[in-house]
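Report on the structure
Here's the letter readout for the chains.
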Protein chains: 2
Amino acid sequence: MDLSKSSREIDLHDIQITDSFWNGKMELIRKTVIPYQWDILNDKVPEAVPSYCMHNFKVAGRMNKEKRDKGDAYVAPTYTFRGFESLPKDPKNPKDDEFYGFVFQDSDFSKWIEAVGYSLINHPDPELEKVADEAIDIVCDAQLDNGYLDTYYIINGMDKAFTNLRDHHELYCFGHLTEGAVSYYKATGKRKLLDAACRFADYIDSYFGPEEGKCKGYPGHEIAEMALVRLYEVTGNKKYLDLSAFFLDERGRKPYYYDKEFNIENRKEGELDYYYLQAHLPVREQSQATGHAVRAVYLYSGMADMARLSGDDSMYEACLRLWNSITNEQMYITGGIGSTVLGEAFSYPFDLPNDSAYAETCASIGLIFFAIRMLQIKPDSKYADVMELALYNTVLSGMSADGKSFFYVNPLEANPKASLLDERKRHVKTTRQKWFGCACCPPNLARLISSLGRYAYTVSDDTLFVHLYIGGVISTTISGSDVEVTVTSDVPNSGNVGLSLKCDHEFEGTLALRIPGWAGGSYRDPVIDGMNTRREDGYLYITGKFRNGYSIKLDFRMEPRVIEADSRVREDEGKVALLRGPVVYCLEEVDNGKDLHLLRMRVEKGFEEVHSMLNGMQTVILKCYGKRRIPFDGSMNDTSKSGLYHTYTKPQYKDVTLKFIPYFEWANRGEGEMSVYIAPAT
Amino acid sequence: MDLSKSSREIDLHDIQITDSFWNGKMELIRKTVIPYQWDILNDKVPEAVPSYCMHNFKVAGRMNKEKRDKGDAYVAPTYTFRGFESLPKDPKNPKDDEFYGFVFQDSDFSKWIEAVGYSLINHPDPELEKVADEAIDIVCDAQLDNGYLDTYYIINGMDKAFTNLRDHHELYCFGHLTEGAVSYYKATGKRKLLDAACRFADYIDSYFGPEEGKCKGYPGHEIAEMALVRLYEVTGNKKYLDLSAFFLDERGRKPYYYDKEFNIENRKEGELDYYYLQAHLPVREQSQATGHAVRAVYLYSGMADMARLSGDDSMYEACLRLWNSITNEQMYITGGIGSTVLGEAFSYPFDLPNDSAYAETCASIGLIFFAIRMLQIKPDSKYADVMELALYNTVLSGMSADGKSFFYVNPLEANPKASLLDERKRHVKTTRQKWFGCACCPPNLARLISSLGRYAYTVSDDTLFVHLYIGGVISTTISGSDVEVTVTSDVPNSGNVGLSLKCDHEFEGTLALRIPGWAGGSYRDPVIDGMNTRREDGYLYITGKFRNGYSIKLDFRMEPRVIEADSRVREDEGKVALLRGPVVYCLEEVDNGKDLHLLRMRVEKGFEEVHSMLNGMQTVILKCYGKRRIPFDGSMNDTSKSGLYHTYTKPQYKDVTLKFIPYFEWANRGEGEMSVYIAPAT
């Protein structure tokens, strides 16, 4: 496969995000989310469900000490399954020798330490680092001498470790631990947690592998695949890359590992759960994104990593097919994926209900992971467009304006009454929640937003790529020359962006700037004196000699766009959505009254852009002419004696002004109806 | 309360249904459903789930015999819960001392014998009667000496009888047994089963009641309330009426009986399950139809019976409120009720999704039970309109044209792909099923359709009421004179109906003929020489002197009507449905192609009525001008790089002819999409 256009991450130390929009979000993470999360990990937030995460590490650490102290006299616990989530009988007095929380509770620490690492890079903070170091000591104390580090089994009984890979998420915990360890090592240079992750990886490598006698299992919840790649990249130890490849290669191989794990005989080929686990086929043969949406995109991210590092065509082609399966058939206009609450999963192509959507925050974060890896292999603005869509909509919607409450589920239509009264929509919350017992989304948001630079820019030997217009200062090397690139951006409020360079010497190189899909077909590339410009796959490549002080300004037209979905999406038939730049807009009850379904948009009349403050943010509000259907007020007529139905008459409307706000700002001003889609007036 | 306009059932012996449309259905029941059902009860249909119904009665009978034979030496089984549905480990060899099937499996026999009774009245059949007598012998052998007759507890252990009224349905089985016994007694004059039902009722009366020391429970699944009224009416024994009143009065009383039954402490007031059980409030205080839809309408039927017999205003007012709650807020245009599969229940007002509807056949049958009882109290065509709507749509849809397969669930929109791939719609079958393990709908259809005369006509001392235009010959007494009334009807094909009288003597009396809601506001009452005509509550009252040979013909205009739902029904916004007379129409894929959501109806162009044969029935097919949306075929444009979304452009359509068939005939010509609602072209 052709890797001539590939690019690589820039070390986060070399990126300083200066973007006014995103800096605010990063500061929320740093000042609000990370400290709050630390309290959560330590069960110090009275109104939140206790995490028991640090409790578990401490219990495991004590048991290790006891084991070492007692030596041969130590009696290890014999494993008994206590449920996927176990809680103390008396919540106020958790026992100091029991594991509590979800089986994968360890990962809460790992996500936190990962975010802490990024945050320390962006904003050194000795106090936070001290807290983190102490936490790492506690975690490392829990590690067994052989390297194993999952407190669920350490506490409950190691005799059953690695026997329920499908559901018990040890390899998932390992993956997160590794991502966290790499982040913290990169931030601080401190190796303690990284070494622990390596020892755990070494132990896993000794247990799993292609060699005879080794276990042929693979993660039930993927992430280890991409985490091992990261460990390989930071350590240079190829065995980690090989282990990742092993997990990828085993997936979907027959006879199915999980059949053996559960001693299930006579399983029919292609049973649903294998689709659910993305293990219905060997990964290179997969074409349709299926199953648990977060797991799916984590897997595809690992596959993309592997394609890039191995140059494996068939792996890359599978990634391309899976990307298309998601974005051409199974993605909401908000970049949300996973349309059904049942299993938090992909449903089937073109099944994208708005009012019962799942569209988990984490799934869109995973889609961003997948997108940046595809971009690294070969830049194409289609990946960056989707990445930006997911980022500015489903991901941002996941966090309240004050950073204190979170959505797991991001519907495109919400009605508090339905969420309250209809069990089928109970997962659709209309108020963000403080924290979750299964706390994946808030810490995932924290680690993504604290490392945004990774997604905005990449470099190759001679080219700097700008994928997302997020203001920042990047110190990098282009064609051997050290360069400081300053990106300015008014996105999402306008499409005004700019780049300027500082360098000691003139150098020859390329700047590759994404032309956003939303800039429209009318966008014309600028003519730049003395430079060679060309457009390829949605990127503007500016090649030539760059001197200190070189600058360029681009104005991507950011106009309201009315879009509609493919007509195979039944739920969107006869409806449109409104976007401006990467931002999806929505109607809220607080601005437009109840019964949003009675509203129509007069598309042909255009839009008024109102720049104002909303929820503490500079926001572009869109107003337009609309109509509100006047409910039939005829007294019951003779057609039917049920008051519910009446003879159809041409609907009557009254003129109204519709007010749309960015989708990511919904549910910040009290509870009410919300809708992304609206029928055009005719 | 004013009962001056009340009327009563006519003995089915005095009604002969001659209607060409309904006779065909009744013959299907007689020739196909009843014999098939008998085989089902005896586990003689290899491709169907075994019922074990007669098996259980035989086991219980043998145990009774053993008990009598052994006397003091007999050791009764000690109850162990074996599940709500228990099946033999080896399906081919059910053990001859175990209970199988659902806990309420006995009721299958009772529904069958009820239908048999009606059928024997309509069509005497000594062979069928012999089979029935033998079945009754088996059933009666199972009865304990004290009168108790529920094989689940007789076989599994009587020590726990009546300890799980909420879920184990003994009182439900009793109710069905009673309804079946009354039917068979009325058909044949044979008292054996009726006496068994009385003995069971007597035992229940000795166990439950207001007296100190007696159990204060009430049925989890209602039906005993109305069954006891029937038993009272046939026996004249007032204690059965009192027992029914007791069950009604206890319902919703605090402290909740089921709390005590399950020893549940600290239950919060108004918890959902009490709504589910229609026990959230005393019945006289209830206003919203809630919970399991079948149970709800069975309860309301019992309440209406009680209101009529007791003259209790507060009970009647509750019935009126509950009727309005159903028909003004929670009923599909097809007369379907219970919009959510979760608990087969009412959801909340105006929540009527078309594609995930439950709308159980049995629930609409129960709505008919409720309607006729309200009509008996005080005639008002609003009840008859809904009764007719339920009958010609959801009820009829429940059975295939050949009477051999059945729908439990009657959606208003179906898509085989969604039913296959989307767990949330798996209950929506797109092909009728042979029979069900939980076989409530087919036998319920059988008993309703075999006793249609009960719903079509009632009498008071001086008035014959025609509620439904179903052709038949009624022998009754009006103002003391014996009269034979012949009703002719072309419904549902046209609104031509007629009445003629045979009598020995001229008599003074009233014919009360319902003016169907669908006949429209333009319907003008005929001027009839020498008669006094007046219209009241949707009935045309013709009062005067009637002579032998008197006849009247009415032509209710039956024209296609386009209706729309109340604008609070979000799922129907911007859509209309088509009816003609009481018949709801639908689009099927076989006539209109795939992707029915792309069709639009040109409402203003009118309809062509095509009279033709369809599925062996004379049918009026409706054709009209329509449009089919041409899917956007632009290549991916720049708006978004996802292939799923594109810039909105005014939709393009091509002209098509739409073909609508009666909803009750859907899914008789292979599997495909179906839709009742369609957007009007604009």
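See above for the structure.
What counts, and at which threshold
- Residues numbered from 1 in each chain as written.
- Chains lettered and ligands numbered in written order.
- Predicted model: local features only at pLDDT ≥ 70, side-chain atom pairs only at ≥ 80, totals over all residues.
- Heavy atoms only, no water.
- Helix = DSSP H or I, 4+ residues; strand = E, 2+ residues; numbered from the N terminus.
- Buried < 20%, exposed > 50% of the residue type's maximum accessible area, 1.4 Å probe, protein only.
- Pairing = 2+ DSSP bridges.
- Core = buried A, V, L, I, M, F, W, Y, C linked by side-chain atoms within 4.5 Å.
- Phe/Tyr/Trp six-rings, centres within 6.5 Å; stacked < 30°, edge-to-face > 60°.
- Lys NZ or Arg CZ within 6 Å of the ring centre and 35° of its normal.

1. Some thoughts on unusual backbone geometry
Following A:Lys254, the chain continues to A:Pro255 via a peptide bond in cis, the omega torsion being -5°. For A:Pro255, the location among the structural elements is in the loop between helix 10 (238-250) and helix 11 (257-261). Positive phi values are uncommon outside glycine, yet A:Asp595 reaches one of about 60°. Checked against the element boundaries, A:Asp595 lands in the loop between helix 20 (589-592) and strand 18 (599-601). The exposure class assigned to A:Asp595 is partly exposed, which follows from its relative accessible area of 25%. Of note in the backbone geometry, B:Phe162 takes a positive phi value of approximately 60° without being a glycine. Note that B:Phe162 resides in the loop between helix 5 (151-156) and helix 6 (165-168).

2. Quick look at the pairing of strand 12 (residues 532-536) of chain A
Of the pairings in the sheet, the one linking strand 12 of chain A to strand 13 (residues 539-546) of chain A comprises five bridges and is antiparallel in character. When the bridges of strand 13 of chain A are listed, A:Arg535 appears paired with A:Leu540.

3. Examining the sheet that holds strand 13 of chain A
Taken together, six strands build an open sheet; the order of strands is 1-6-7-11-13-12 (chain A) and the sheet is mixed. Among the strands making up the open sheet, the edge pair consists of strand 1 (8-9) and strand 12 of chain A.

4. With respect to the nonpolar core
In this structure, A:Phe109, A:Trp112 and A:Tyr457 are the most contacted members of the largest nonpolar core, which totals 235 residues. The leading source of residues in this core is helix 15 (residues 361-377) of chain A, at 12 residues. Of all hydrophobic cores here, the second largest spans 234 residues; its members include B:Tyr184, B:Phe465, B:Leu468 and B:Trp666.

5. Section: the packing of aromatic side chains
With the rule as written, the count across this model stands at 90 aromatic pairs over all chains. Arranged with centres 5.4 Å apart and planes meeting at 75°, the rings of B:Tyr148 and B:Phe162 form a pair that is edge-to-face. In this pair, B:Tyr148 is assigned in the loop between helix 4 (126-141) and helix 5 and B:Phe162 in the loop between helix 5 and helix 6, connecting sequence segments 14 residues apart. By the ring-pair criterion, three or more aromatic residues cluster together here, those being A:Tyr148, A:Phe162, A:Phe174, A:Phe200, A:Tyr203, A:Tyr207, A:Phe208, A:Phe246 and A:Phe247. The residue whose ring lies beneath A:Arg191 is A:Tyr185, and the NZ or CZ to ring-centre distance is 5.4 Å.

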